[in-house]
Amino acid sequence: MYLRILKKDLKRKKTMNTILLIFVILAATFIASSANNLITVSNALDNFFEKANAPDHWFASTNEDDVERFQTFAKENEYDYTVSRLIQIEPRNILPLRWLVR
């Protein structure tokens with residue numbers, strides 16, 4: 001009985017069924033492309049971190065004693081590490097350029 005009602009309904013409303021079919025195909029396409037995009041981005045991030053030689057852990061300190069303690073700790077445990085020096089400027093020492101602001 002339900003199959004007969006479904007057949008009659010599909011025969012009567014052909015335009016509505018074709019529009020619905022197009023929407024279902026579009027939705028399946030969007031889902032497949034988003035899954036493909038997620039896989040590509042996750043693989044690209046791993047590849048980027050390998051090529052950038054990014055560290056697994058990051059340590060920042062403005063105190064020289066902390067840096068020296070970390071270096072001795074890393075040498076004792078045979079960890080690979082690199083030291084990068086950063087320039088730190090206090091925001092209150094930055095003055096606005098008068099000729100840019102009018």
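Definitions and cut-offs
- Residues numbered from 1 in each chain as written.
- Predicted model: local features only at pLDDT ≥ 70, side-chain atom pairs only at ≥ 80, totals over all residues.
- Heavy atoms only, no water.
- Helix = DSSP H or I, 4+ residues; strand = E, 2+ residues; numbered from the N terminus.
- Rg over C-alpha atoms; globule rule 2.2 N^0.38 Å.
- Buried < 20%, exposed > 50% of the residue type's maximum accessible area, 1.4 Å probe, protein only.
- Areas by Shrake-Rupley, 256 points an atom, 1.4 Å probe, with all protein chains shown as cover.
- Lys, Arg positive; Asp, Glu negative; His and termini not counted.
- Charge placed at Lys NZ, Arg CZ, Asp CG, Glu CD.
- Phe/Tyr/Trp six-rings, centres within 6.5 Å; stacked < 30°, edge-to-face > 60°.
- Salt bridge = Lys/Arg side-chain N within 4 Å of Asp/Glu carboxyl O.
- Patch = residues over 30% accessible without salt bridge, like charges linked within 9 Å, V, L, I, M, F, W, Y side chains within 5 Å.
- pLDDT = per-residue confidence, 0-100.

**A closer look at the overall build of the protein**
- Looking only at helices and strands, the protein has three helices and zero strands in total.
- Start at the N end of the protein and walk to the C end: the helices and strands fall as α-α-α.
- Whereas a compact globule of 102 residues would reach a radius of gyration of roughly 13 Å, the protein reaches 31 Å, over 25% beyond that.
- Burial status across the protein gives 2% buried among its 102 residues.
- With an accessible surface of roughly 10700 Å², the protein has 61% of that area assigned to carbon and sulfur atoms.
- Averaging the positions of the 14 positive and the 12 negative side-chain charges in the protein gives two centres separated by 33 Å.

**Remarks on the packing of aromatic side chains**
- Applying the stated criterion to the full structure yields three aromatic pairs.
- Relative to Tyr 81, the ring of Phe 70 has its centre 6.0 Å away and its plane inclined at 80°; by these criteria the two rings are edge-to-face. Of this pair, Phe 70 sits in helix 3 (residues 64-76) while Tyr 81 sits in the segment after helix 3; the two residues are eleven residues apart in sequence, bridging distant segments of the chain.
- Relative accessible area serves as the criterion here: at 29%, Tyr 81 is assigned to the partly exposed category.

**Considerations on the pattern of salt bridges**
- By the definition in use, this model includes one salt bridge.
- The residue Asp 66 makes a salt bridge to Arg 69 at a minimum N-O spacing of 2.5 Å. Remark: Arg 69 and Asp 66 occur in helix 3; sequence separation between them is three residues, near one turn of the helix.
- Residue classification places Arg 69 among the exposed residues on the basis of a relative accessible area of 58%.

**Side note on a nonpolar patch on the surface**
- The grouping of Ile 19, Ile 22, Phe 23, Leu 26 and Phe 30 at the surface amounts to a nonpolar patch, some 530 Å² of accessible area in total.
- Checked against the element boundaries, Ile 22 lands in helix 2 (residues 14-52).

**Some remarks on the confidence of the model for the protein**
- With 95% of its residues at a pLDDT of 70 or more, the protein shows a mean pLDDT of 84.
- Between the elements of the protein, mean pLDDT differs from a low of 79, seen in helix 1 (residues 2-12), to a high of 90, seen in helix 2.

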